[in-house]
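Structural description and commentary
If you want the building blocks of each chain, they are given just below.
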Amino acid sequence: MYDVLNVREDFPVLKNVIYLDNAATTQTPVQAVSAMLDYFYKYAANHGRGAHRLARETTNHFEDAREIVAAFLNMDVAKTIFTKNATESINTVSRGFPWKKGDHVIVTLVEHHSNLLPWMRLKEMGVELSVVKPDICGVVNPEDIRSSIKDTTRLIAVNHVSNVFGSIQDIGKIVGIARQNGVKVLVDGSQSAGNMALDIKSIDPDFFVCPGHKGLLGPQGTGLLYIKEPDIIEPVFLGGGMVSAVTTDSFKMEPSPAKFEAGTPNIPGVIGLGRAVEYVADIGVKSIEKHERSLAKDTARRLGELDGVEVYGPKDRAGVVSFNVTGMNAHDVAMILDQTRKICVRSGYHCAMPGIDHLGVKGTVRASFALYNTEEEVDTLIRTVSDITSLVS
Ligand SMILES: Cc1ncc(COP(=O)(O)O)c(C=O)c1O
C-alpha cells in the first residue's frame, strides 16, 4: 500500500530539503543504495568476463537487473541495453542507423537537446531534419507529424513527456502514424519511465530510451535503450565484452544486448537501478503516476491563481510545472526558494532552448514531482512564491 510518509523514510535527504527537481534527477531509495554497497563490500568484480565466484556473482546480479527492468517496462531481455544515460541511448541510434544521403528525420520543437542535437548533426551526412511545432502548451498534434512525412522520411524522434511543459504526447497515435508510413520511431521516455505505466511491447516503438536516474529512481550514470530490431543498428563502441571471436583482421559480434555494451559497464549503478525498479514496481507505478500528477495539477492551479505568476503547459499534465514570476529572472526565483525555505527547483532553459524560445521567455522556474513529495511541500512552495511576488509588486 502506497503511503507517502512511509516512502519518505527511504530517502533520508528529504529530511533536510524540499526536493522538487525530480525531472532533472531523482533521489535513490536506501534499498537501492544498500544493493550497491553490497556489490562493493561483498562481491565486486567485472561483468561477464571471469570464471571465478565473484565474477559469476557480479554477472548474475547485473543480468538479474536487466530482467527486472525488462519485465517492468515489458521489453524483451535481449533488446534491453544498458547505457550511461538517455543521451547515450539516443546517440547510439543516431550514429548506428544505416542512413543514406537524402534521408529525412522528424523531431519536435519540445525535445530536450539530447533528442535534438544528435539528429541535427546528421546534416553532415546529408540527412535532412524537420522540426514540428507544438501548441503553446507543448502538446504536439500527431497530424502535424503525419503531414511532415515525405517519401524520404526514415525516422520520427519524439518525447513522451516534455521536461519543460509536462505535456504528454499521444505516443500511441504517433507510433501508429509511423507504422502506416513505414517510418521508424524513437520514443524518448525520459520523463515517463517510472512516472507512468508503460508497456513498451504494446506501444511498439522501434526505439525507446530513458535514463535510470529519473522516474526509475536509479543512480546517475545509468540509462536504457530498447531496440526492437537490434540487427539494424551498428554499435558505436567496439571493444571487450561485445565480440565472440577476433582475429587481427576480423571480428564477430555477440548478439544484442552484449553487442551494444562494449567495455566495463556501470556495474554498481545497474545493480542499484535493478533494485530501484523493484522498489517502484512494489509501490505500483499507477499509484505513483496518480500522486505525481495530482500534486502537479494542484501546483499549477494554485500558482496560476497568484497575481504576477505565469504558468506554462497544459491542464492535463504529467508531474512537471514550469512558471515565471513577472519581472523576475527564473534563477533569482529559484535562489530565493532555496535560501528561504530550502526548496530545490530547476531554473533556466532545462536543456530545451527551442522549446523555451517557443514560449517567448528567457527561461522558466520548474517544479517537478516524485513519489515522495507531499501536499505540505506544495503548500510551502505556493506560500513562498506568493511572498516572492510581493517583492516585485
Ligand atoms: C525529455 C528528456 N530527454 C532526455 C534527457 C537527457 O537525459 P540524460 O541526462 O539522462 O541523458 C532528459 C533529461 O532531463 C529529458 O528530460
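In this report, we go over the structure that sits alongside the text. Just so it is clear, the model here is predicted, and its values are computed rather than measured.

1. Quick look at the site of the ligand
Taken together, 13 residues sit near the ligand, with T87, D188, Q191, H213 and K214 positioned nearest. Between an oxygen atom of the ligand and a main-chain N or O atom of A86, the distance comes to 3.2 Å. Taking 390 Å² as the accessible area of the ligand by itself, protein coverage stands at 89%. With respect to the detected pockets, the ligand is housed in the largest pocket. Taken together, the residues that form the shell around the ligand break down as 3 nonpolar, 8 polar and 2 charged.

2. Things to note about empty space enclosed by the protein
One simple way to see leftover space: roll a probe sized like a water molecule over the atoms. For the structure on display, the rule yields 3 cavities of 30 Å³ or more. A volume near 120 Å³ is recorded for the largest cavity. Among the elements that line the lining of the largest cavity, the one with the most residues is helix 10 (residues 285-304), at 3 residues. For the lining of the largest cavity, a count of residues per class yields 6 nonpolar, 7 polar and 4 charged. Counting the residues that make up the lining of the largest cavity, at least three belong to each of domain 1 (31-282) and domain 2 (284-392).

3. Things to note about the nonpolar core
Core analysis: the largest hydrophobic core is formed by 63 residues, its most contacted members being L73, I156, F208 and L371. With 9 residues, helix 9 (residues 267-283) is the largest single contributor of residues to this core. The residues that make up this core include at least three from each of domain 1 (31-282) and domain 2 (284-392). Setting aside its immediate chain neighbours within four residues, I156 contacts I106, I145, I149, I174, A178, V183, K184, V185 and L186. By size, the runner-up hydrophobic cluster in this structure holds 26 residues, among which are L295, A330, V378 and L381.

4. Topic: the environment of P12
Within the fold, P12 resides in the loop between helix 1 (4-9) and strand 1 (18-19). By relative accessible area, P12 is classed as partly exposed at 44%.

5. Examining the sheet that holds strand 11 (residues 309-312)
Ordered by their spatial adjacency, 4 strands build an open sheet running 11-12-15-14, and the pairing between neighbours is antiparallel. Where the open sheet ends on each side, the last strands, each with one partner, are strand 11 and strand 14 (346-348). The sheet shows a mean angle of 30° between the axes of neighbouring strands, direction not considered. Relative to strand 15 (residues 364-368), strand 14 runs antiparallel, the two sharing 3 bridges. Following the sheet pairing, G348 is matched in strand 15 by T364. Helix 10 rests against strand 11 and strand 12 (320-325) of the sheet, and its axis sits at about 15° to strand 12. Each of strand 11, strand 12 and strand 15 is contacted by helix 13 (residues 375-392), which is oriented at about 20° to strand 12, the strand it contacts most.

6. Re helix 3 (residues 53-73)
Taking 1.5 Å of rise per residue, the 21 residues of helix 3 would be expected to cover 30 Å, and the 31 Å separating its terminal C-alpha atoms lies within 8% of that figure. Within helix 3, the full set of buried residues consists of A55, T58, T59, F62, A65, R66, V69, A70, F72 and L73. Buried residues of helix 3 fall within an arc of 170° about the axis and therefore sit on the same side. Facing away from the buried side of helix 3, by more than 90 degrees, are the exposed residues R53 and A71. Note on helix 3: the residue one or two positions beyond its end, N74, has a positive phi of about 55°.

What counts and how
- Residues numbered from 1 in each chain as written.
- Predicted model: local features only at pLDDT ≥ 70, side-chain atom pairs only at ≥ 80, totals over all residues.
- Heavy atoms only, no water.
- Near = heavy atom within 4 Å.
- Polar contact = N/O pair within 3.5 Å; in protein donor to acceptor, adjacent residues only side chain to side chain.
- Areas by Shrake-Rupley, 256 points an atom, 1.4 Å probe, with all protein chains shown as cover.
- 1 Å grid on protein atoms, 1.4 Å probe; cavity = no way out; pocket = protein on both sides within 12 Å on 5 of 7 lines; lining within 4 Å.
- Sits in = over half its atoms within 2 Å of the grid points.
- Nonpolar A, V, L, I, M, F, W, Y, C, P; charged D, E, K, R; others polar.
- Points joined across faces, edges and corners; volume = space filled by probe spheres on them.
- Helix = DSSP H or I, 4+ residues; strand = E, 2+ residues; numbered from the N terminus.
- Domains from an automatic or database assignment.
- Core = buried A, V, L, I, M, F, W, Y, C linked by side-chain atoms within 4.5 Å.
- Buried < 20%, exposed > 50% of the residue type's maximum accessible area, 1.4 Å probe, protein only.
- Contact = heavy atoms within 4.5 Å.
- Pairing = 2+ DSSP bridges.
- Axes fitted to C-alpha atoms, helices over the stretch in contact; angles between N-to-C directions.
- Expected span 1.5 Å × (residues − 1).
- Arc of directions from axis to C-beta.

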